[in-house]
Amino acid sequence: MKNHRLAGLLLASLSLLSGMAHAEDQPIPSLAGKRIGITVAGTDHYWDLKAYQGQIDEVKRLGGTPIALDGGRKESQQIAQIQTLIAQKPDAIIETLGTASVLEPWLKKIREAGIPLFTVDTASPSSINVTTSDNFYIGEQLALKLVNDLRGEGNILVFNGFYGVPVVAMRYDQLKAVLKWYPKIKIIQPELRDVIPNTVQDAYAQISQLLNKYPKGSVQAIWAAWDVPQIGATQAVDAAGRNEIKTYAVDGSPDVVSLVKDPKSSAAAVVAQQPYVIGQTAVQNVAKYLAGDRSLPPATYVPSILVTKENAAEAQKTLGQTDGK
């Protein structure tokens, strides 16, 4: 029954992907003569880089000129770049990721300047449209997978370092919402804080230390809102020989999907997104808007896939990944 359910989830995801491919066959308006500002919080993570590249490539494919700026994981730098883009008065601006409370005053200034604003993974009242995965569903899927693997009972370590990023908050809130109904699953306090940069090394060090503190049988799972901490956590668990502990996260970087695929790895599941397609889709929405389409919804969702030990090999094919690439 479990395998049938997982097969059904993958089939549903493939169906959604097929529907998206059909939608992409529809003509997208040209961006010839248009300049599109692109600002991203950083590109050191696979997801961020792919979403950024997808935007740049799609603007060029549609005949436009991208003005692409990488914030380098420095909020002050990204804000300065947004100010630069406003001064250049492009035909539209796409903003990707970052701390919502810090960015919002500057996103508002974009709209006040009369520049159409679109966002990727940033929920903002100033944005005409956000292109993203359905992070409410992602958070629920991952939490239910964890709960089922633990059979509704156990202790978990949770990384919660970036709650100010909207998509991270959505995933964390869905975890808490699911766990409300499974009171025998407890989050070990205090929650862990993941960091940028050196995320993998820091997660490895934190988990290694806690594995010395908590003996075998006292921790059953480790949850993270994105998959770079999962890499460090998985390495620490595997190095300690603590195969009773499973790790869970979101994004689906190729190296993480490969870890999930490995039967000897403690990585139990990752929800894999399609960041390049998300970037492309955001640009297509910009093109439609600039061509006069005012029917865009406030959010455009690109399908994701819950990757598990059972379906990882097939998911790699669907996602266009080979092992670790």
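Data block above holds the structure.
### Re the nonpolar core
Then step 1. Formed by 53 residues in total, the largest nonpolar core has its most connected members in Ile94, Leu142, Leu146, Ile156, Trp223 and Tyr248.
Then step 2. Those residues in contact with tyrosine 248 that sit more than four places away from it in its chain are Leu142, Lys145, Leu146, Asp149, Leu150, Ala221, Ile222, Trp223, Ala224, Gln230, Ala268 and Ala269.
Then step 3. Core analysis: the second largest hydrophobic core is formed by 17 residues, Leu210, Leu211, Ala236 and Ile245 among them.

### Things to note about the sheet that holds strand 9 (residues 246-251)
Then step 1. Ordered by their spatial adjacency, six strands build an open sheet running 7-6-8-9-10-12, and the pairing between neighbours is mixed. Unpaired on one side and paired on the other, strand 7 (185-187) and strand 12 (305-308) mark the two borders of the sheet. With strand direction ignored, the average angle separating the axes of adjacent strands in the sheet is 20 degrees.
Then step 2. Inspection of the sheet shows strand 8 (residues 221-223) paired to strand 9 by three bridges, in the parallel sense. Each residue of the ladder has a partner; that of alanine 221, found in strand 9, is lysine 246.

### Focus on helix 2 (residues 46-61)
Then step 1. Here helix 2 contains 16 residues, and its C-alpha end-to-end distance of 22 Å stays within 8% of the 22 Å for a straight helix at 1.5 Å per residue.
Then step 2. Along helix 2, the positions that sit buried rather than exposed are Trp47, Asp48, Ala51, Tyr52, Gly54, Gln55, Ile56, Glu58 and Val59.
Then step 3. Against strand 1 (35-40), strand 2 (65-70), strand 3 (92-96), strand 4 (117-120), strand 9 and helix 10 (275-290) lie the buried residues of helix 2.
Then step 4. Positive phi appears at glycine 63, one or two residues downstream of helix 2, with a value of about 90 degrees.

### Some words on unusual backbone geometry
Then step 1. Following glutamine 189, the chain continues to proline 190 via a peptide bond in cis, the omega torsion being -5 degrees.
Then step 2. With respect to the secondary-structure elements, proline 190 resides in the loop between strand 7 and helix 7 (199-213).
Then step 3. Cis peptide bonds are those with omega within 30 degrees of zero, and the linkage from isoleucine 196 to proline 197 qualifies with 0 degrees.
Then step 4. Structurally, proline 197 is set in the loop between strand 7 and helix 7.
Then step 5. Not every positive phi belongs to a glycine, and lysine 89 is a case in point at roughly 50 degrees.
Then step 6. Along the chain, the position of lysine 89 falls in the loop between helix 3 (75-88) and strand 3.
Then step 7. Of the residues examined, lysine 89 reaches a relative accessible area of 57% and is grouped as exposed.

Cut-off values and rules
Sequence positions are assigned chain by chain, starting from 1 and proceeding in written order. Per-residue local features of the predicted model are confined to residues with pLDDT of at least 70, and side-chain atom pairs are confined, for both listing and counting, to 80 or more; whole-chain, interface and lining totals are unaffected and use all residues. Where side-chain values are given, they derive from all heavy atoms of the structure, hydrogens and water being excluded. For the purposes of this section, nonpolar cores are sets of buried Ala, Val, Leu, Ile, Met, Phe, Trp, Tyr and Cys residues that join through side-chain atoms within 4.5 Å. The buried label goes to any residue with under 20% of its type's maximum accessible area, the exposed label to any with over 50%, and the partly exposed label to all in between, with areas taken from a 1.4 Å probe on protein chains only. Here a residue-residue contact requires only that any non-hydrogen atoms of the pair lie within 4.5 Å. A strand pair is defined by DSSP finding two or more bridges across the two strands. The helix and strand labels rest on DSSP assignments: H or I over at least four residues marks a helix, E over at least two residues marks a strand, and numbering proceeds from the N terminus. Lines fitted to C-alpha atoms define the axes, with helix axes restricted to the stretch in contact, and inter-axis angles between N-to-C directions lie between 0 and 180 degrees. Take the number of residues in a helix, subtract one, and multiply by 1.5 Å to get its expected span.

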